[in-house]
Each structure stands twice: as structure tokens, then as C-alpha cells.
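Fold and contact review
Now for the letters of each chain:
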Amino acid sequence: MNNAKIAGAPSTGATAPHPAVLITGAGPTGLTLALELARRDVSVRIIEKLPDFRSASRGKAGIQPRTLEVFHDLGVIDRILASGTQRLPFRRYRRDQLISETIPYLGNAPTADSPFRRLHFMPQSRAEEILRERLAEYGVTVELGTELVEFEQDGDRVTARLETADGTERVEADYLVGCDGGRSFVRKTLDIGFPGFTEDEKKLLVGDVEIEGLPADAWYQWLDMDLGVLMLCPLRGTRSWQIQATPPPDENGQPSEPSIEALQRAVDHVTGMPIRVTAATWLSASRINVRMAEKLRVDRVFIAGDAAHVHPVLGALGANTGVQDAYNLGWKLALAVQGDAGADSALLDTYEEERLPVAEWTLRTSTGSTQAVFQEMLHGTGGAEVGLTEETLQFGLNYRESSLSWGIVAEHAVQAGDRAPDSHCLDLDGQVVRLFDLFRGPHFTLIGFGASCGEALAAVREAGLPGIRTAALGELPAAYGLSAESLVLVRPDGYVALIAPHDGGATVVDYLTGLHRGRALVRR
């Protein structure tokens, strides 16, 4: 462990109740992580330096299907789906002429193995509200107006100093996780490199405004190399629209700062239509920023979400990748807190091992989506939908090369490290069972596909291992591509840990026991 002092010693003050995990940043990443820990009875505090919850959309929260599966597991999927739409027309105009209209992924009907196959649009602020409501059901609330200003760590704990309007508080925690955005205080304090590039010249004005002169039934897009970019998207459940616009020049010929007046000039210049911009509730500016942290962990301190990676918005991967960072880290932190001494370091190392390649993929894919839209601006009639592909749905992301992925038997359609598909199967009594319902919850799930797996399932149950659910099913679902009756162990985050022969109960016990002792880290 690194015993060095970080950012100065926390000031003397009363020590708060000792949480196992302190999370700074209450966006989608921090909230998902807090939920993952709270539902495993891990004590957690989540702080946010802002004095109030964000009401700005900040993003249209294009929630990818893989993230919808995460929200299904977390018990918020019905509220998420009720707060948005998956049928948002993309309308591209040139001046006042409609030149194309499409609804992305309209043909992606749900399938047996993938119940969510379309992008879901809703304000990010509403998604955060839903996650906070769910978190409160576990007795955890976000502490607003609370800023992390110093921390240090040793081999046993992290000691942090928090500042609030009421003064200074000293907190000790087993672990600290920075979900504190692209300008992360945690990342900077740890001196973690954040290489990449920023394109300052490609600036957009953004904000939440009210719009007069357009029906709120589509995402309107003007993508013109000469006149500029303008995009207007209604935010379901509100009177607001999210606006993105090339800044018009000010009186000095420089790009204008965000204001209603500047946005109105951009609208007039690009569209030539009687569209009025009114009642802004949030205004800002954005630039293309593509960066990735060189590491995600320094001993007892982690970073996740935008603190670890930032990238272009096209492709709709932003908050999704952060949520999935948290989903990967949460169960591992819980095992480290609740498991045997010595298990934590090796297991927690797999967070970086598994998620850094995903971050790299995210940067590469979102940059590719941006380039695709740019080419469409030059030569085509389509809009932002050209940056949305089957790949950006994130089903193909996997941990096949992870030390936690044990391939015991011959390769199948689904391999260790892959996302575990959904399916409706018959159990041994002829009753229909849905796999996602078996997976839902903070446990590992061991499925015995076939009657011959019974003895192995019984052996695993008799081993008395914590946090494991077993189920015997009477058929081999097509989505798994199994050629023989087999055991499939699914991780709490919905990825396949191992596939073993029908009599491989000892292998499963060895794997799960090793997770608590740091031994499940030799890839087979």
C-alpha cells in the first residue's frame, strides 16, 4: 500500500461514522455505485459539492440497452421506461426544408435473449432522480453541499476532509471512489495522467430552453458546413428543449458566450424559420474532449465515469459507460469489504483490468461516430443517427481476457467473460423461468442447464458459500450455444464467470472460494 500523504493532512475535527465506502459525485455513476453497495448492506456515504440537485438535462440520457439491463437488475427499469421514449424521430433540415427523417433502431424489436434493443431517450436529471429515489429505499441519501477537499490513505483506511456550510468534517472510510467528473479532484490529487486532446475550436453552445414554432415531436437537426450546427430536442415530461448550436460571432468577431440572444441569432442564421428561443434554465458551452486516465486505482482510492474517461457525445455512450463502471466495481468492493482479509487487492485490481479496455473502446467508438456524422454533413442527408450502430448498443463488450473469466470447456456461442443473455427456459418441473429474473439481485447465479447437473448443483449448495443462487433447468437455450449439458456461473454484473461440464461443481466451488481469498485470478 502507498502510505504517502495526499493533498495534505485532513484537518483535525470530529470523526464521522466510519463508512466502508465514501463516494464523491452524485451523477449516474456515483448513484449506481451507491445503490450497488447499499443493496449488499455495505455502509456507504455519497457526497455532492453542489448545493442543489441538477435540474438541467445536461444530456438527453440516451440510455443504451446494456444500461437498461443494469437498471432492470437495480429495480428501476419501469420508472426509467415511463420517463422517456424509444421512438424519437430524427429530422434533418436544410434551412426550412426537411431532407430526411428516421427513428433509430425502430426495427430492433425485443428478442428472447435481449429484451431491450433500442436507445431510450430521457433527461439525465430525471434518470438521476429515479436512482436517488431507489437509493433512499435503502436508507441512503445524497449529502448535498459537501465537498471533498483533502484525503490521505494508508494500508487500512482512507481519511478525508469534507467541507460543508456548517464547517469541516473528518471521515474515515475503507475505500474512496471519485465519480466527480472530467475535472476530477480525486484523479488530480492522485496525480493520475489523463492524456488525450481537446478541440477548443469545435465549440457548441448548449442549454435547456423553451422553444416556440416547432411541435415537440422530434429531434430537429441542422448540420450545415457553411451555416453551422443546430440541434433542438424536446425533453419528455417538461416544457424544455435541449439546444446545441454553433456559436454566432459576437461584435468582435469571436464566438459568442452562452445567452438566449446568442442562441436566437444562431437559430435565425441556420434555419431562416420563425422559431423563438425563450426561458433558458441552463446555459453552457461544450467542446470535443477525448481523454482517458492512465489507471483507475491507487491502493484504496478509485475513479469511475467521467473522472476516468471523457469523449464526444455522438454515439450516446457517455453516462452509459460510467454506470457500467460502477456496476463492475460495486460487487467487487462489497466482496472486498465483507470477504476474507487479503482478498481485496487482487480482486479489486480486476476493475482496472476489465474497465480500462472498455474506456479505450468507448473513446475510439465515440470518435468514430463523430467522424461518421461529420462525413454525413459533407456528403449525405442523414443526421446524428449515423453515429448509432449495433456496436454502440454495447452488447458486444466483454471481459473474455479477464483473469476472472474461466473457460473450462470448449468454446460456445457464449464464452466466459461475455454478457449472459436472457432467455425463457423450462425448469425440471416444466415451469417457465426467465434467466434475467434469476440473475436479478446482488448474487452470483449458477445455472445447471440439463438434468445431469443436479449433483454438481447440490455440491455447490452444500459448500455453504455466501451470495450464490442455484437453478436447475431442463433445456439448453439457443442463445448460449451449448453443445452439452453444462454449468454456467453468472457474475453479479451479468457476465459469465465460467462455463464448466455438468459435473464441474468442484470447479465452481474453487472459483467462488478463491474470490474471497484472492485465488480466483489465474485464468484457465
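This text goes with the structure placed above it.
The structure contained in this document is the topic of the report that follows. (Residues numbered from 1 in each chain as written. Predicted model: local features only at pLDDT ≥ 70, side-chain atom pairs only at ≥ 80, totals over all residues. Heavy atoms only, no water.)

1. What to know about the overall build of the chain
Here is the rule: What counts as a helix is a DSSP run of H or I of at least four residues, what counts as a strand is a run of E of at least two, and both are numbered from the N terminus. C-alpha atoms define the radius of gyration, and 2.2 Å times the number of residues to the power 0.38 defines the globule rule. Note on classification: 1.4 Å probe, protein chains only; a residue is buried when its accessible area is under 20% of the maximum for its type, exposed when over 50%, partly exposed between these limits.
The helix and strand tally for the chain stands at 11 helices and 24 strands. The globule rule puts the C-alpha radius of gyration for 524 residues at 24 Å, and the 24 Å found for the chain is close to it. In terms of overall dimensions, the chain has a C-alpha envelope of 75 × 60 × 35 Å along the principal axes. Counting over 524 residues, the chain shows a buried share of 57%.

2. A few points about the nonpolar core
Under the convention used in this document: Note on terminology: a nonpolar core comprises buried Ala, Val, Leu, Ile, Met, Phe, Trp, Tyr and Cys residues joined through side-chain atoms within 4.5 Å. Contact criterion: two residues are considered in contact whenever any of their non-hydrogen atoms come within 4.5 Å of each other.
Among the nonpolar cores identified, the biggest contains 66 residues, and Val21 and Leu333 are the most heavily contacted of them. Ranked by residue count, the leading element in this core is helix H7 (residues 318–338), at seven residues. Non-local contacts of Val21, meaning those with residues more than four positions away in its chain, are made with Leu37, Val42, Ser43, Val44, Arg45, Ala173, Tyr175, Val177 and Leu333.

3. Re helix H2 (residues 65–74)
Of all the 10 residues making up H2, 10 are buried; the element is thus mostly covered by neighbouring parts of the structure. Taken as a whole, H2 has its buried residues at Pro65, Arg66, Thr67, Leu68, Glu69, Val70, Phe71, His72, Asp73 and Leu74. Turning to H2, the residues buried within the fold contact helix H1 (28–38), helix H3 (77–82), helix H4 (124–136), H7, strand E20 (432–434) and helix H9 (435–439).

4. A few points about a nonpolar patch on the surface
The line we're drawing: Each patch is built from salt-bridge-free residues with over 30% relative accessible area, joining like charges within 9 Å and nonpolar side chains (Val, Leu, Ile, Met, Phe, Trp, Tyr) within 5 Å. Working definition of accessibility: Shrake-Rupley area with a 1.4 Å probe, residue cover restricted to the visible protein chains. A carboxyl oxygen of Asp or Glu within 4 Å of a side-chain nitrogen of Lys or Arg is what we treat as a salt bridge.
Among the surface-exposed residues, Met225, Phe374 and Leu378 lie close enough to one another that they form a single nonpolar patch of about 250 Å² accessible area. For Met225, the position within the fold is in the loop between strand E11 (219–224) and strand E12 (228–234). A relative accessible area of 40% places Met225 in the partly exposed class.

5. Here we look at the sheet that holds strand E6 (residues 147–153)
We apply this condition: Note on pairing: two strands pair once DSSP finds at least 2 bridges between them. Helix axes use the C-alpha atoms of the stretch in contact, all axes being lines fitted to C-alpha atoms, and the angles between their N-to-C directions lie in the range 0 to 180 degrees.
Pairing in this open sheet of three strands is antiparallel, and the strands run E6-E7-E8 from one edge to the other. Edge positions in the sheet fall to E6 and strand E8 (167–173), since each has one partner strand and no second. The sheet shows a mean angle of 20° between the axes of neighbouring strands, taken without regard to direction. By the bridge criterion, seven bridges tie strand E7 (residues 158–164) to E8 in an arrangement that is antiparallel. By the bridge assignment for E8, Thr159 is matched with Glu172.

6. Description of the pattern of salt bridges
As enumerated under the stated definition, the model contains 28 salt bridges in all. Measuring nitrogen to oxygen at the nearest pair gives 3.7 Å for the salt bridge that ties Glu133 to Arg126. For Arg355, the salt bridge is made with Asp325, and the minimal N-O distance between the two is 2.7 Å. Taken together, the residues span a long stretch of sequence, with Arg355 in helix H8 (residues 344–379) and Asp325 in helix H7 at a distance of 30 residues. Accessibility classification places Arg355 together with Asp325 in one group, the buried group. Three or more residues joined by partner-sharing salt bridges are found here, namely Arg79, Arg126, Glu129, Glu133, Arg134 and Glu137.

7. Considerations on the packing of aromatic side chains
Aromatic ring pairs are reported here in terms of the distance separating the ring centres and the angle at which the planes meet. The cut-off we apply is this: Planes of paired rings set the category: under 30 degrees apart is stacked, over 60 is edge-to-face and the rest tilted, where pairs are Phe, Tyr or Trp rings (Trp by its six-membered ring) whose centres lie within 6.5 Å.
Taken as a whole and assessed by the stated rule, the structure comprises 13 aromatic pairs. Seen from their ring centres, Phe302 and Tyr351 are 6.1 Å apart, and the 65° between their planes marks the pair as edge-to-face. With a gap of 49 residues between them, Phe302 in strand E16 (residues 301–303) and Tyr351 in helix H8 connect regions that are remote in the sequence. We classify Phe302 as buried; its relative accessible area is 0%. When the centroid spacing of 4.6 Å and the interplanar angle of 45° are considered together, the rings of Tyr399 and Tyr495 count as tilted. Of the two residues, Tyr399 is situated in the loop between H8 and strand E18 (406–407) and Tyr495 in the loop between strand E23 (486–490) and strand E24 (496–501); the sequence distance between them amounts to 96 residues.

8. As for the side chain of Thr350
To keep things clear, this is the line we draw: Two N or O atoms form a polar contact when they lie within 3.5 Å of each other; inside protein one atom must be a possible hydrogen donor and the other a possible acceptor, and for residues adjacent in sequence the pair counts only when both atoms belong to side chains.
Tracing the sequence through the fold places Thr350 in helix H8. Polar side-chain contacts of Thr350 include one of 3.0 Å to the side chain of Lys332.

9. With respect to the pairing of E6
A regular strand places its side chains so that they alternate between the two faces of the sheet. Among the seven residues in E6, five count as buried, and that is most of the element. In terms of strand pairing, E6 meets E7 through six bridges, oriented antiparallel. Bridging across to E7, Glu150 finds its partner in Arg161. What sits between the antiparallel neighbours E6 and E7 is a turn of four residues.

10. Some thoughts on helix H11 (residues 505–517)
For the record, the criterion: Each residue after the first adds 1.5 Å to the expected span of a helix.
Here H11 is 13 residues long and its end C-alpha atoms lie 19 Å apart, about the 18 Å a rise of 1.5 Å per residue gives. Three or more residues of H11 are buried, namely Gly505, Thr507, Val508, Tyr511, Leu512, Thr513, Gly514, Leu515 and His516.

11. Overview of the pairing of strand E3 (residues 90–94)
Within E3, four of the five residues are buried, which leaves the element mostly enclosed by the surrounding structure. Judged from the five bridges that link them, E3 and strand E4 (residues 97–102) form a sheet pairing that is antiparallel. Within E4, the residue paired with Arg94 across the bridge is Gln97. In sequence, E3 turns back onto E4 through a hairpin of two residues, with Arg95 there showing a positive phi of about 55°. Pairing of E3 with E11, which is carried by four bridges, proceeds in the parallel orientation. Within E11, the position partnered with Arg92 by the bridge is Gln221.

12. Observations concerning unusual backbone geometry
In this model, Asp191 sits at a positive phi of 60°, which is unusual for a non-glycine residue. Checked against the element boundaries, Asp191 lands in the loop between helix H5 (185–189) and strand E10 (196–212). Look at Asp299: it is not a glycine, yet its phi comes out positive at around 55°. Position of Asp299 relative to the elements: it lies in the loop between strand E15 (297–298) and E16.

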